[in-house]
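Residue-level structure breakdown
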Amino acid sequence: MSCRPDASTRPTIRIADIDKTFATVQAPIKWSNTADVWTGTTSIPEGHYIVEAGTEHCSGRNAQWVAIPGSRRHVTITLNEIKVVSVDEDMYANAVFGRLPLPGAYVEVMRADSLLGEQTRRPLPIDGDSFQIGHLEPGNYIVLITFGGVRAAKTFTIPRQKYGATIDVSMTADTAAQLVRAEQVGSGFVKHPWDVNDGYGYHETFRLGAAEVDGWNTMLSPPADYSPAEQRISRHVVRAIEAARVFLSGYNSVPTAFRSLDAWNVGVFERPDGMVVRLTARDGDGWGKSVRAIGKKMCPDSNPPLSERHQLRLFVADSGGAVLAMQCP
């Protein structure tokens, strides 16, 4: 409770069932209070929900939440002295969840069909023996579970025509054990020939065997075959950054001090028809002063003024690799 006016007031909780047109779930809540933290405990049926919390003067972001049978799960909402409107659940209310095969397992999810490649991967929050992540867009995904020295992947699709889809990607302890046994059966040392002046020799490397059980596969293919020690940059991302570099260096309306990518923090994002390069000036004050006089020339329809945002957005066509348009905030 960052909410000072209502710090001693028990918050109101609303749990809305996504699968039942956001109908309110009637569930008694047992409350306790320690300092600025209110803790409520309840039991609700298996399902997919939006959890809202608020008091008379304060509110917080809604949380998307999957109730998994038999699992004790937690959701945390911070209440502040502002009115927060959450719209994410109205756009992409899809969620992926599952149970861990054993304690200490690590779970990641990434897009299988994104131009950004492995840059889309992110860890899934783990809560006890289960994990979940919400607000996922429709599309094809890969989930990876790592335990011990084993890393296995499984593909799944969030359909475009279904609102609020939930995908169970649990891995059982038995599946994990079968993967380990299958890898062991196919493992061994492999000889590789090499030339030595006038003769030849061999060196050996140890190779794990392939394993596939219940849709989980340890023979990973791009982008799931990434190395934790290094990150490959998608060629589409490289192409978009290069297009931005060429655009900045040749666009006379950009002040000289900002015609190099070194002057910007760069973010690359995907759109259905190409890429967006978001440039944020590292010297925000300098950028604001430089463009104030020529802001209308660069972005005549910019509102609020470009100088207040310190950003440029460049649209790059994936096929051509050239900047097609500049968008101001």
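Below you will find a few notes about this structure.

**A short note on the sheet that holds strand E5 (residues 47-54)**
- Spatial strand order, E2-E1-E5-E6: four strands in an open sheet with antiparallel pairing. With partners counted over all chains shown, the strands left at the sheet margins are strand E2 (23-24) and strand E6 (63-67), one partner each.
- Two elements, strand E1 (residues 12-17) and E5, share six bridges in a ladder whose sense is antiparallel. Residue pairing for E5: Arg14 is matched across the bridge by Glu52.

**A look at a nonpolar patch on the surface**
- On the surface, Trp194, Tyr200 and Tyr202 cluster together into a nonpolar patch covering about 400 Å² of accessible area.
- Its location among the elements puts Trp194 in strand E15 (residues 188-196).
- Given the relative accessible area of 38%, Trp194 is considered partly exposed.

**Focus: the pattern of salt bridges**
- Tallied over the entire structure, the rule returns six salt bridges.
- As a salt-bridge pair, Glu108 and Arg121 come within 3.5 Å of each other at their nearest N and O atoms. In this pair, Glu108 sits in strand E8 (residues 106-111) while Arg121 sits in the loop between E8 and strand E9 (122-123), placing the two residues 13 residues apart along the sequence.
- By relative accessible area, Glu108 is classed as buried at 5%.
- Across the pair Arg245 and Glu242 runs a salt bridge, and its minimum N-O distance is 2.7 Å. Of the two residues, Arg245 and Glu242 are both situated in helix H3 (residues 235-250); the distance of three residues between them amounts to about one turn of the helix.
- By relative accessible area, Glu242 is classed as partly exposed at 38%.
- Among the charged side chains, a salt-bridge network with shared partners connects Glu108, Glu118 and Arg121.

**Looking at the environment of Tyr226**
- Residue placement: Tyr226 occurs in the loop between strand E18 (216-217) and H3.
- Look at Tyr226 and you get buried, because its relative accessible area is 5%.
- Sequence-wise, Tyr226 and Glu118 are 108 residues apart; in three dimensions their C-alpha atoms are separated by 7.1 Å.
- Among all residues touching Tyr226, those that are not within four sequence positions of it are Glu108, Met110, Glu118, Arg121, Leu144, Arg151 and Arg232.

**Focus: the nonpolar core**
- Within the largest apolar cluster, 26 residues are counted, with the highest numbers of intra-cluster contacts made by Val96, Ile145, Phe156, Ile158 and Met171.
- Ignoring anything within four residues of it in the chain, the contact list for Met171 reads Arg99, Leu100, Pro101, Ile145, Phe147, Ala152, Ala176, Leu179 and Trp216.
- Membership of the second largest hydrophobic core comes to 21 residues, among which are Ala244, Leu248, Phe258 and Leu314.

The rules behind these values
- Residues numbered from 1 in each chain as written.
- Predicted model: local features only at pLDDT ≥ 70, side-chain atom pairs only at ≥ 80, totals over all residues.
- Heavy atoms only, no water.
- Pairing = 2+ DSSP bridges.
- Helix = DSSP H or I, 4+ residues; strand = E, 2+ residues; numbered from the N terminus.
- Patch = residues over 30% accessible without salt bridge, like charges linked within 9 Å, V, L, I, M, F, W, Y side chains within 5 Å.
- Areas by Shrake-Rupley, 256 points an atom, 1.4 Å probe, with all protein chains shown as cover.
- Salt bridge = Lys/Arg side-chain N within 4 Å of Asp/Glu carboxyl O.
- Buried < 20%, exposed > 50% of the residue type's maximum accessible area, 1.4 Å probe, protein only.
- Contact = heavy atoms within 4.5 Å.
- Core = buried A, V, L, I, M, F, W, Y, C linked by side-chain atoms within 4.5 Å.

The analysis is restricted to geometry; functional conclusions fall outside its scope.
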